[in-house]
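# Descriptive analysis of the structure
Residues per chain, in single letters:
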Amino acid sequence: MAIRLGLSLPQARQYDIGRDVPDVARTAERIGYESLWVYERALFPEPATQGLYGIEGLPWPDMYRGVPEPLVTLTLAVTATERARLGTSVLVAPLHGPFQLAKALATLDAASGGRVVAGFGTGWSLDEYAAAGVAPFEERGRVLDEVIDVCRAVWGQDPVAYEGRITRIAPAVVGPKPARPIPILVPGNSRKAMTRLVDRADGWMPIAMGAEQLTAQWRQLQDLAAEHGRTHPIETVVRVNAQYSPKAYDGADRSAFQGSVAQIVEDLAAHAVDGLDTFFFELQGQARDAQELKDVAAEVYEAVRAAGL
């Protein structure tokens, strides 16, 4: 079976959100991409108070300045498309009130005819947590658990009722309902995160940073699922942060998915082990505008299919 391919929607500063998001979404679906993705970056501290990913001294990329809200961005893609799945990779769930987030996702899924994929993460930015004011950074894991529980409740049968640490829903009718159960996917690198995934989520959203590493993590996750008695399959969606170049990169120090289209396709083939059959490309950062993004996306898609993947 051919690999299912997705594409990130334009959220960087060089794009006109209202014009370029529907345009790229429509074109990507026409090319053949089966899913469209957004990410969340709530703010850009200036001066910096924390390094990227919490790593001291690591600068934030300029493309994180002014990232549009992810669910609004997906909404712009809904009426421009008919088939493509619409996903978040990832939405920092504890920055949002659980009830309102559940209702927004349900509304988006109903409007799209059942195409939403909820990729949730805990994030790492202390400034984003302070600005959101939902919960302290130290409680992010417990809040993510509550978000998942509230979503399941709100998306389920009425009357909805829930009693949690920050959410209390008295028995009530809550609509609209999703067109179908929305899959919840989470990253999972640590044992704790993988346990949450196996026990609570529908699927896994890793980043492709090397075939051996990804394969080892996938096997570890499958072993943990068996250990916990999980019988339903784990859906997988792999994020590819590609660094496209018109020319091939030379040297043994080339990172995965860095270089020419041919090298990106070669890396994709190495990462596509059994059970990992959905990948989406992050290509927007290097493109100068929407037209270049569409051109590169078409070139990558055609090369992947020409390689028989």
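Further up the page is the structure itself.
Since the model is a prediction, treat every value here as computed from it, not as a measurement.

## Some details on the overall build of the chain
When helices and strands are tallied, the chain shows 9 helices and 14 strands. Taken over C-alpha atoms, the radius of gyration comes to 19 Å for the chain, in line with the 19 Å a tight globule of 309 residues would show. Projected onto its principal axes, the C-alpha coordinates of the chain cover approximately 60 × 45 × 45 Å. Taken across its 309 residues, the chain has 52% of its residues classed as buried.

## What to know about a negative patch on the surface
Together, D289, D295, E299 and E302 give the surface a local cluster of negative charge. Here E299 falls in the partly exposed class, since its relative accessible area comes to 37%.

## Quick look at the pairing of strand 2 (residues 35-38)
Neither face of strand 2 is exposed, since S35 and W37 on one face and L36 and V38 on the opposite face are all buried. In the classification by handedness, the crossover that spans strand 1 (residues 4-8), the intervening helix 1 (residues 17-31) and the parallel strand 2 is right-handed. The pairing of strand 2 with strand 3 (residues 85-88) spans 4 bridges and is parallel. Counted as the bridge partner of W37 is G87 from strand 3. For the crossover that starts at strand 2, traverses helix 2 (residues 70-78) and ends in the parallel strand 3, the hand is right-handed.

## Observations concerning the pattern of salt bridges
One pass over the full model with this rule turns up 22 salt bridges. Taking the shortest distance from any N to any O, the salt bridge between D109 and R180 comes out at 2.6 Å. Linking D109 in helix 3 (residues 98-112) with R180 in the loop between strand 7 (168-172) and strand 8 (184-186), this pair joins segments that are 71 residues apart in sequence. Residue classification places R180 among the partly exposed residues on the basis of a relative accessible area of 23%. Here E282 and R239 are joined by a salt bridge, their closest N and O atoms 3.0 Å apart. One end of the pair, E282, is in strand 14 (residues 278-282); the other, R239, is in strand 11 (residues 238-241), with 43 residues separating them in the sequence. For the pair shown, E282 and R239 are each scored as buried. Three or more residues joined by partner-sharing salt bridges are found here, namely R13, E46, D62 and R65.

## As for the packing of helix 1 against helix 9 (residues 290-306)
Look at helix 1 against helix 9: their axes get within 10 Å of each other, and the N-to-C directions meet at 15 degrees. Our classification of the angle between helix 1 and helix 9 gives roughly parallel. Every pair of crossing elements has a handedness; the one defined by helix 1 and helix 9 is right-handed. Here helix 1 contributes D20, D23, V24, T27 and I31 to the contact with helix 9, which in turn contributes A290, L293, K294, A297, A298 and Y301. A breakdown of the residues in the contact of helix 1 with helix 9 according to their chemical character gives 7 nonpolar, 1 polar and 3 charged.

## Observations regarding the packing of aromatic side chains
Counted by the stated rule, this structure contains 9 aromatic pairs. Each ring, one from F44 and one from W60, has its centre 5.8 Å from the other, and the planes form 75 degrees; the classification is edge-to-face. A residue pair is termed long-range when its members are at least 10 positions apart, and F44 in the loop between strand 2 and helix 2 and W60 in the loop between strand 2 and helix 2 qualify at 16 residues. The class of F44 is partly exposed, set by a relative accessible area of 21%.

## A word on the packing of helix 6 (residues 191-200) against helix 7 (residues 211-227)
At a minimum axis separation of 10 Å, helix 6 and helix 7 run at an interaxial angle of 55 degrees. Looking at the two axes, helix 6 sits oblique to helix 7. Judged by the twist between their axes, the crossing of helix 6 over helix 7 is right-handed. Touching R191, M194, T195, L197 and V198 of helix 6 are Q217, Q220, L221, L224, A225 and E227, all from helix 7. For the contact of helix 6 with helix 7, the class distribution of residues is 6 nonpolar, 3 polar and 2 charged.

## Section: unusual backbone geometry
With omega at 5 degrees, the peptide bond leading from E46 into P47 counts as cis. Positionally, P47 belongs in the loop between strand 2 and helix 2. With an omega dihedral of 5 degrees, the bond running from G175 to P176 counts as a cis peptide bond. Its place among the elements puts P176 in the loop between strand 7 and strand 8. Despite not being glycine, Y53 shows a phi value in the positive range, around 60 degrees. Backbone geometry places F257, a non-glycine residue, at a positive phi of 65 degrees. With respect to the helices and strands, F257 occurs in the loop between strand 12 (243-244) and strand 13 (258-259).

Rules used in this analysis
Residues numbered from 1 in each chain as written. Predicted model: local features only at pLDDT ≥ 70, side-chain atom pairs only at ≥ 80, totals over all residues. Heavy atoms only, no water. Helix = DSSP H or I, 4+ residues; strand = E, 2+ residues; numbered from the N terminus. Rg over C-alpha atoms; globule rule 2.2 N^0.38 Å. Buried < 20%, exposed > 50% of the residue type's maximum accessible area, 1.4 Å probe, protein only. Patch = residues over 30% accessible without salt bridge, like charges linked within 9 Å, V, L, I, M, F, W, Y side chains within 5 Å. Areas by Shrake-Rupley, 256 points an atom, 1.4 Å probe, with all protein chains shown as cover. Salt bridge = Lys/Arg side-chain N within 4 Å of Asp/Glu carboxyl O. Lys, Arg positive; Asp, Glu negative; His and termini not counted. Charge placed at Lys NZ, Arg CZ, Asp CG, Glu CD. Right-handed = clockwise from strand over helix to strand, strands pointing away. Pairing = 2+ DSSP bridges. Axes fitted to C-alpha atoms, helices over the stretch in contact; angles between N-to-C directions. Parallel < 35°, antiparallel > 145°, perpendicular 65-115°, else oblique. Left-handed = near helix turned anticlockwise from the far one by under 90°. Contact = heavy atoms within 4.5 Å. Nonpolar A, V, L, I, M, F, W, Y, C, P; charged D, E, K, R; others polar. Phe/Tyr/Trp six-rings, centres within 6.5 Å; stacked < 30°, edge-to-face > 60°.

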